[in-house]
Amino acid sequence: MANYLAQFQTIKGSCDRLVIAVEDVCDLWPTVKSSFEEHQPLKRALLNNKTRNSVFVESLPVEFILTTDARLRSRFPQEQSLFWFREPYATVVLVTCEDLDEFKNILKPRLKLIVQNDEREWFIVFVSRAHPSNDSATKSVKKVYAKLEVEFSSKKRERCCKLDIHGPEANFWEDLEIKITECIKNTLDRRVQFYEDEIRKLSEQRFMPIWNFCNFFILKESLAFIFEMAHLHEDALREYDELELCYLETINAPGKQREFGGLDNGDDRAALLNPGNKQLTQIVQDDSFREFEFRQYLFACQSKLLFKLNRPFEVASRGYSFVISFAKALTLHENVLPFCMREVWVITACLSLIYATASHHHDGAVAPDIEKEFYRVQGDLYSLSRVKFMRLGYLIGYGADIERSPLNSACLSMLPWPKPAVWPSLPANASSVVLEKEKVILQETSRTKHFGIQRKPLPLEPSVLLRVANRRRASLSAGNLPEMFDGRSSIVDGSGLEASPRKLSPVKLQANAMTRTNSSPGNIDSPLDRPMRLAEIFVAAEHALRHTISDLDLSKSLSSTQDFEKKYLDLTKGAAENYHRSWWKRHGVVLDGEIAAVCFKHGNYDLAAKSYEKVCALYAGEGWQDLLADFLPNLAECQKILSDQAGYLSSCVRLLSLDKSLFTLKERQAFQSEVVSLAHSEMKNPVPLDVSSLITFSGNPGPPLQLCDGDPGTLSVTVWSGFPDDITLDSLSLTLVATNNTDEGGQALKSSAATVLKPGKNAITFALPPQKPGSYVLGVLTGQIGHLRFRSHSFSKGGPVESDDFMSYEKPTRPILKISNPRPLVDLAAAISSAFLINEAQWIGIIVRPIDYSLKGAALHIDTGPGLKIEDSYGIEMERYPDEDYHVKTSKDEANAKGSTVSLEKDCELLNLSSGKIVFPEWASDVNSILWVPVRALGEELARGSSSVNPLKQDVLEGMRTIALKLEFGVCHNQIFERTIAVHFTDPFHVTTRVANKCNDGTLVLQVMLQSLVKANLIVNDAWLDLQDGFVHTGQSDGRPTSNFFPLVVSPGSRAGLLFSICSRKNVSTEGEELQQPDSILNIKYGVDGDRAAGAHRPVDVDRSATDTESLELVFRSAIVLQRPVLDPCLAVGFLPLPSDGLRVGQLITMKWRVERLKDLEGSEAMEHKDEVLYEVNANSDNWMIAGRKRGHVLLSREQGSRIVISILCVPLVAGYVRPPHLGLPNIDESHVSCNPPGPHLVCVLPPVLSSSFCVPIK
């Protein structure tokens, strides 16, 4: 079977569609061929896959071939069974007939002979050429076709269909497609079963000596090719996968050694996507194939199927894994392959996969996660080819053009050197090239970074190339160090770049040479050639690579440093761009750093700075400070060249904030010097600089500062400075943020003077103005250095972990300040609520109660209201207020003072009022105290008594005085408490008069009742009554009472009575003479026995001026109105009767009063217009609504007996017994007006009648 390998590959290359055989019985094919081919491919094919599951094939191309074609008739039976995949899958028999006899005698036997083969799938297409206008021909054709269906179709399967050339044909093509699909499906199932049986037989012989992989391969690939032609690509791919696994088991099985391959010209170019790169007959070896070519052939077949399935991502993913695994196989056979064959093959394989998969991939055609994964694999392919390309560049002397970055160092230092059997030798006539290489090596110097940073370059090699190359030479020993050095101590380590000049003693060199052994292959006794120098190694490797590399593009990329750098940049950009579009964006950012290094080298600082910024942001976010320290100086240098002052300052700050062990003290001082010098220079666009990573801050350990609402204070904050030296801050401010409302900006606390921050911990104090209530945390620390404004919002992590001031980003922010909600801090209240004596100097007590707040240095402003003044000459007394807390504290103080010589605090102190305020003494700062303020209430009106018949109504506001208090306290007198207290002043007595008895002779016994109005004992020592005109005393002429029981003590709230005997007399005076005394005056001499803590007490001036022998009596005077009886009235006012039906709420009624003149007015009661009388109606507005004029003048004749009726319309508002309106005559004295008949005291008002507007009658 293996002999047919060449023919198998030829047939496979020529067959790409399923074959449908056409048996043209009546020479109809030329007529219908074009129509058959136009309706291809099949649109709705439903086939069975390998597992006999139905699969819908959207497009199935087929090829129609006549059975008389040479391609179908020139095959041997053995070939037909071996290459069964190219045999027809269905046979279409084309017939036509218009005569029934002809059908029975000629056509039917011939068709029976054609379809007698049961293994062949067939169906008959009857072509009707009868024109629709020819009815007889049409009927005859129908009879023939009906007979045809009877003979060749059955109930199980329809094998006939009719094509009418001159008629409609839409249904025919659909029927034809169904019948072709059914035949293909049946044929495919039989052939798949045949190949599976054959493959199973061979698989059972795998471990037998007669096993031949080529035979297995032909059968397996034939089955895969059948699926591929049937567009069952998934099944075909599965067959190739199984074939690959079987091949790997075959080559890995122990046994005879097989050739690997890869020695032909052009094998360095990967053929992962070209199955026809080599003929199978060229790579066959005994009973198998060479691994190098055959594995690539299998992958190419797999990738072709995957592309047909529109799965470029899977091609890339499988390709990357294949490249990795195949590179390991190349490593195992590296000693027989050309020099650097592995590296060159990997580069070409990755690039071919990249270009092919990228051309087949379309954005948006797959799910987003698969698309991102595709770009990730693309980036991996670019990265792998980039690393191999750098290794080739280093081998030929381009190591100086490769950036010694951490990424390149990590990749190349872990990548082993090529291990050929013999290291390439130096070609002849290469001395000039070697000399040029040596000049380049000697001229190479490591670039000093910005700020004078010098670091040892990172290695780009896993071991010393000089030693490895010379060990691989056939007849050399690496121990011949004097020859290897050749007098050049600068290339002792093989690179000549990072080695420090040094010399070895001849004794040490000789000892080293003696201890080394020759590890290279070849005759150990052969004469030793001179070891190769580094430049010679580069030239030899470059010469060998020219023979290895057949790819012109890759060869050109290694021809010069410019081309090498261009290719290197293309590969790096490709990897970075794909990583940016994938999940692995960080890989793309890291590669941006390599692109930035090339841009920086060529002076493209703008692009370099942008790339460096992304790299530094990544490393800073991940916390990779070692890597950040390597790239950040490069970014700073770009920013300085570009005059980016803000970016340059930020980079310097970030350099200072890195771990101190990454830079020397001198380098850190250089960073600080740049910051300070630039801050004090003229900046074009000064912007705030974020120094959160350099200057951190936190609150002091312990509980937060507690303040009351409105209190200022002092806030101490610990600031850690990361600068290596002292730095002066021209200004410094701190923002506090309220935890309950973070949306509002915090208030900034500013330092009063310039601040010098020392390295490490610093304690900074800020003046704290009053804040709103709530908890506050540290917000942002801002300041200014020269023209530079900076800000920091980072909490310090400089303290030990176990301390309270250790801050981390995970730990919740601890409040630094707590302002309590507004609450009473102090209370001012009057000590006494009872009345004091008016017009006398009295002590007013003001109780001061601090509520958990110190009143140290508090000032009380006292402002008296109208009618009240402070007696400044007596001073203000302040004493401790004796409450319950005071007694407890006093007992404790006494207990503590027994063994101490310190005196107790003061309990009383005399204070002076200055500018209307007093200052509290220190002892009264935290205790309850009381202030005794001497005041005098001024009252100019004379007290007036009342009659028992018409008692005097006391006015609540009468005698009320106010004192406005304003207490300023707190640290800066920022707390203000204002309160106005009301103090009641009154006369000592209220006088009430009553006629106790009226004698027949006109003598009246007047009883005067004295009611105490204060909470103190009043001692009445004497009393007399000065009567008004019209009254005289009947007994004693001095006006004293008839009973003399003085001194008379009147207790608080009690009453005492005095009796006076008086009589009335008629005044005899001339016209125009005025009365000298209109009112009677009661004079009382009294004394006060009271306590100022309870109410009224002895006046202050009496206490100060009186002696034991002096009198302490006070004088009280009260006016008493004695009204003469109405004996001779001038006018009579009579209330006319109300309606008999009564009053109702809401009903309009008329109130009438009759006014009658009894006689004319004389004397002082006379008016200018004696014929007019002024009237006024008084009524309670809650009970009555007046509809007329309440006040006005009416005409009343001066003749005696003249009358007039005053009518007022009014409406009662409430039901019940209410007082009716009253008519008064304001200009007429009551002694001249008599009420006849008098008005009723109360009237009855009925409720309103019920309304029936909304009533529904009941039927």
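Everything below is about the structure printed above this text.
Scoring rules and cut-offs
Residues numbered from 1 in each chain as written. Predicted model: local features only at pLDDT ≥ 70, side-chain atom pairs only at ≥ 80, totals over all residues. Heavy atoms only, no water. Helix = DSSP H or I, 4+ residues; strand = E, 2+ residues; numbered from the N terminus. Buried < 20%, exposed > 50% of the residue type's maximum accessible area, 1.4 Å probe, protein only. Contact = heavy atoms within 4.5 Å. Areas by Shrake-Rupley, 256 points an atom, 1.4 Å probe, with all protein chains shown as cover. Axes fitted to C-alpha atoms, helices over the stretch in contact; angles between N-to-C directions. Left-handed = near helix turned anticlockwise from the far one by under 90°. Nonpolar A, V, L, I, M, F, W, Y, C, P; charged D, E, K, R; others polar. Patch = residues over 30% accessible without salt bridge, like charges linked within 9 Å, V, L, I, M, F, W, Y side chains within 5 Å. Salt bridge = Lys/Arg side-chain N within 4 Å of Asp/Glu carboxyl O. Lys, Arg positive; Asp, Glu negative; His and termini not counted. Charge placed at Lys NZ, Arg CZ, Asp CG, Glu CD. Pairing = 2+ DSSP bridges. Polar contact = N/O pair within 3.5 Å; in protein donor to acceptor, adjacent residues only side chain to side chain. Phe/Tyr/Trp six-rings, centres within 6.5 Å; stacked < 30°, edge-to-face > 60°.

### Description of the overall build of the chain
Broken down by element type, the chain carries 29 helices and 53 strands. Evaluated residue by residue, the chain yields a buried proportion of 46% over its 1259 residues. The long-range share in the chain, meaning contacts at least 24 apart out of those at least 6 apart in sequence, stands at 77%. For the chain, the computed accessible surface area is about 63,900 Å², with 51% contributed by carbon and sulfur atoms.

### Concerning the packing of helix H23 (residues 585–601) against helix H24 (residues 605–622)
It is at 8 Å that the axes of H23 and H24 come closest, and there the two elements cross at 145°. Where H23 crosses over H24, the two elements pack in a sense that is left-handed. Counted together, Arg586, Val589, Val590, Asp592, Gly593, Ala596, Ala597, Cys599 and Phe600 of H23 and Tyr605, Leu607, Ala608, Ser611, Tyr612, Lys614, Val615, Leu618, Tyr619 and Glu622 of H24 form the full contact between these two elements. The residue inventory of the contact of H23 with H24, partitioned by class, reads 13 nonpolar, two polar and four charged.

### Points about a negative patch on the surface
A contiguous patch of negative charge, built from Glu98, Asp99, Asp101 and Glu102, is present on the exposed surface. Summarising the element assignment, Asp101 is placed in helix H5 (residues 100–114). A relative accessible area of 48% means that Asp101 is categorised as partly exposed.

### Focus: the pairing of strand S41 (residues 1080–1089)
The two faces of the sheet receive side chains in turn, since in a regular strand these alternate between them. With eight of its 10 residues buried, S41 lies for the most part within the structure. Note that strand S37 (residues 1017–1026) and S41 share nine bridges and pair antiparallel. By the bridge assignment, Ala1023 is partnered in S41 with Ile1084. Across seven bridges, S41 lies against strand S42 (residues 1114–1120) in antiparallel orientation. Residue pairing for S42: Leu1082 is matched across the bridge by Ser1118.

### Points about the sheet that holds strand S53 (residues 1243–1246)
Note: strands within a sheet are paired through backbone hydrogen bonds, in either parallel or antiparallel orientation. The strand order S44-S53-S50 describes an open sheet built from three strands, whose pairing is mixed. Two strands lie at the open edges of the sheet, namely strand S44 (1143–1144) and strand S50 (1216–1218), each paired on one side alone. Pairing of S44 with S53, which is carried by two bridges, proceeds in the parallel orientation. Along S53, the bridge assignment pairs Arg1144 with Leu1246.

### Observations regarding the side chain of Ser721
Within the secondary structure, Ser721 sits in strand S13 (residues 713–721). Take Ser721: its relative accessible area is 7%, and that puts it in the buried class. A distance of 3.3 Å separates the side chain of Ser721 from the backbone nitrogen of Phe723, its partner in a polar contact. If sequence neighbours within four positions are ignored, Ser721 has contacts with Leu694, Leu757, Lys758, Pro759, Gly760 and Asn762.

### Remarks on the packing of aromatic side chains
The tally for this structure, following the rule as stated, stands at 44 aromatic pairs. Pairing Trp211 with Phe216 gives two aromatic rings, centres 5.4 Å apart and planes at 50°, and the pair type is tilted. With a relative accessible area of 10%, Trp211 lands in the buried category. Judged by relative accessible area, Phe216 falls into the buried class, the value being 4%. Between Tyr579 and Trp584 the ring centres are 6.3 Å apart and the planes differ by 15°, which places this aromatic pair in the stacked class. In this structure Tyr579 comes out as buried when scored by relative accessible area, which is 3%. Classification of Trp584 as partly exposed rests on a relative accessible area of 36%. What links up through ring pairs into an aromatic cluster is the set Trp211, Phe213, Phe216, Phe217, Tyr247, Phe289, Phe294 and Tyr297.

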